[in-house]
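Chain and residue survey
What follows is each chain in one-letter form.
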Amino acid sequence: MSDYIPKPEHKFTFGLWTVGNTGRDPFGSPVREAKSPVELVHLLAEVGAYGVNFHDDDLIPVDATPSERDRIVRQFKAALTETGLCVPMATTNLFGDPIFKDGAFTSNDPKVRAYALQKTMNAIDLGVELGAKVYVFWGGREGTETDASKNPISAIIRTREAMNFLCDYVLDRKYDLKFALEAKPNEPRSDIYNATAGHMLALIATLDHPEMVGVNPEVAHEHMAGLNFTHGVAQALEAGKLFHIDLNDQAFGRYDQDFRFGAVNLKSAFFLVKLLEDNGYNGSRHFDAHAYRTEDYEGVKDFARGCIRTYLILKEKAARFNADKEIQALLAEINADDGSMASFCGTYTSTKAAALKAQSFDRQAISQRGLGYERLDQLTIELLLGIR
Ligand code: GLT
Ligand code: MN
Ligand code: MN
């Protein structure tokens, strides 16, 4: 058994807003004092993180003067050098300021839409200056409380226009940067446009530079919609569109909980880690979560270490699953193929179609076979419970 030590190749990252979360919620004020970005970089180094991500406003106050901006960037870079952390991803806060109360790129007000583009271009410059290779878009305010207020088709068109504009900005500047779109079904808006990773994938296919744009699915967000996260991530992976991932956890049907990775749905977390590891995902494993409101900064470190440890433990379990003789024998049996159907499958030809239409199937014999999934699932559970 390994000691579950994080290594650079695991690419474990956290946002400044995650370990920096002070516990403010709609019902109560902060429970932890705010820490500066430099202090948070040191905290992340202490727990073994590889990288740190940020929103523009997490690092640079929105009204900072150019010389304040330069000083903050200098200090932040010094902290990165001192700790060896890097900045793999950056993003824009397009949800906190009151100007975004009715959305950013999808606002009905052209001044708000233009300001959102301006803020994002500046934030892209900042991210690139600090080394980011992935740029996340989470449109928390891009939605409605009442559909009387906005035309949902205009919202799609405005989102597309903004993405096309910003892709061209990146190309114009010759930045080495990809975009990753993050969906969420609701909260803080009653309904948010492009509610799931699947919606985002469909939107991406309509962009001018689809090759520059992928997704950043978040466990909690797909669980809020009652979806199987692993299936959504598989779709993104298979399409070559998994540019980033937000790992956390969430009880189904609840508000946005952003719990420690694996804190609620261990079995789903296992299949997710197995999917990522089996398929050579090599992007950041970003924990977009925060510590319980009950915690002080020691608890925040426990939270961050917990995310990392759970991932590494599940990674080890996935390797164990792949090496388990009984499980693999069952899987081989389940996927058995006597080759008798080979001539019907694959690329369509009219001869194949005619032969397949003439083939007779013994439906009863085929359907009577038990599939052994109960045994397989119980073996998986026992493996996860640590007795195999
Ligand atoms: C915010 C949100 C997250 C997003 C972050 C990036 S900000 O905390 O809840 O899911 O990933 O904008
Ligand atoms: Mn997220
Ligand atoms: Mn979330």
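Everything discussed here concerns the structure shown above.
Here's what I pulled together on the structure shown here. Fair warning: this is a prediction, and the values are worked out from it, not measured in the lab.

**Things to note about the pattern of salt bridges**
- With the rule as written, the count across this model stands at 20 salt bridges.
- For Lys119, the salt bridge identified is with Asp57, shortest N-O distance 2.9 Å. With Lys119 in helix 5 (residues 110-129) and Asp57 in helix 3 (residues 56-59), this pair connects stretches of sequence that are 62 residues apart.
- On the basis of relative accessibility, which here comes to 7%, the residue Lys119 falls in the buried class.
- Linked by salt bridges that have partners in common, Arg69, Asp70, Lys77 and Glu129 make up one network.

**Considering the sheet that holds strand 4 (residues 134-138)**
- Here we have 8 strands laid out as an open sheet, ordered 8-6-4-3-2-1-10-9, and parallel in their pairing. Either end of the sheet is taken by a strand with one partner, and the two such strands are strand 8 (213-215) and strand 9 (246-247).
- Where strand 9 meets strand 10 (residues 285-287), 2 bridges bridge the pair, whose relative direction is parallel. By the bridge assignment for strand 10, Asp246 is matched with His286.
- Together, strand 1 (12-15), strand 9 and strand 10 form the strand contacts of helix 11 (residues 297-323), whose direction differs from that of strand 1 by roughly 145°.

**Notes on the site of ligand 1**
- Taken together, Trp17, His55, Thr91, Phe95, Trp138, Glu182, Glu218, His221, Asp246, Asp256 and Asp288 form the complete shell of residues around ligand 1.
- Take Asp288: an N or O atom from its side chain is 2.8 Å from an oxygen atom of ligand 1.
- Out of a free accessible area of 310 Å², ligand 1 has 92% covered by protein chains.
- Of all the cavities here, the one that holds ligand 1 is the largest pocket.
- Looking at the shell around ligand 1 residue by residue, the class counts come to 3 nonpolar, 3 polar and 5 charged.

**Section: unusual backbone geometry**
- In this chain, Glu187 is followed by Pro188 through a cis amide linkage whose omega measures 10°.
- For Pro188, the position within the fold is in the loop between strand 6 (178-182) and strand 7 (191-192).
- Even without being a glycine, Tyr4 presents a positive backbone phi close to 55°.
- Within the secondary structure, Tyr4 is located in the segment before strand 1.

**Considering helix 9 (residues 229-238)**
- Along helix 9, the positions that sit buried rather than exposed are Phe229, Thr230, Val233 and Ala236. Across the axial projection of helix 9, the buried residues extend over an arc of 120°, all falling on one side. Exposed residues on helix 9 whose side chains face more than 90 degrees from its buried face are His231 and Glu238.
- Close packing links the buried residues of helix 9 with helix 7 (197-204), strand 8, helix 8 (219-224) and helix 10 (266-278).

**Quick word on empty space enclosed by the protein**
- In this structure the tally under the stated criterion is 2 cavities of 30 Å³ or more.
- Each pocket or cavity is described by its volume, and for the largest cavity that value is around 230 Å³.
- Along the walls of the largest cavity sit 21 residues, with Trp138, Gly139, Glu142, Thr159 and Met200 positioned nearest its centre.
- Mapped onto the lining of the largest cavity, the elements with two or more residues apiece are strand 4, helix 6 (152-173) and strand 6.
- Ranked by residues supplied to the lining of the largest cavity, first place goes to strand 4 with 3 residues.
- In terms of residue class, the lining of the largest cavity is made up of 11 nonpolar, 7 polar and 3 charged.
- Taken as a whole, the second largest cavity encloses approximately 50 Å³ of empty space.
- As for the second largest cavity, its lining consists of Val219, His223, Phe229, Thr230, Asn248, Asp249, Phe261, Asn265, Ser268, Ala269 and Leu272.
- At the level of elements, helix 8, helix 9 and helix 10 are the ones that each hand at least two residues to the lining of the second largest cavity.

Rules used throughout
Residues numbered from 1 in each chain as written. Chains lettered and ligands numbered in written order. Predicted model: local features only at pLDDT ≥ 70, side-chain atom pairs only at ≥ 80, totals over all residues. Heavy atoms only, no water. Salt bridge = Lys/Arg side-chain N within 4 Å of Asp/Glu carboxyl O. Helix = DSSP H or I, 4+ residues; strand = E, 2+ residues; numbered from the N terminus. Buried < 20%, exposed > 50% of the residue type's maximum accessible area, 1.4 Å probe, protein only. Pairing = 2+ DSSP bridges. Contact = heavy atoms within 4.5 Å. Axes fitted to C-alpha atoms, helices over the stretch in contact; angles between N-to-C directions. Near = heavy atom within 4 Å. Polar contact = N/O pair within 3.5 Å; in protein donor to acceptor, adjacent residues only side chain to side chain. Areas by Shrake-Rupley, 256 points an atom, 1.4 Å probe, with all protein chains shown as cover. 1 Å grid on protein atoms, 1.4 Å probe; cavity = no way out; pocket = protein on both sides within 12 Å on 5 of 7 lines; lining within 4 Å. Sits in = over half its atoms within 2 Å of the grid points. Nonpolar A, V, L, I, M, F, W, Y, C, P; charged D, E, K, R; others polar. Arc of directions from axis to C-beta. Points joined across faces, edges and corners; volume = space filled by probe spheres on them.

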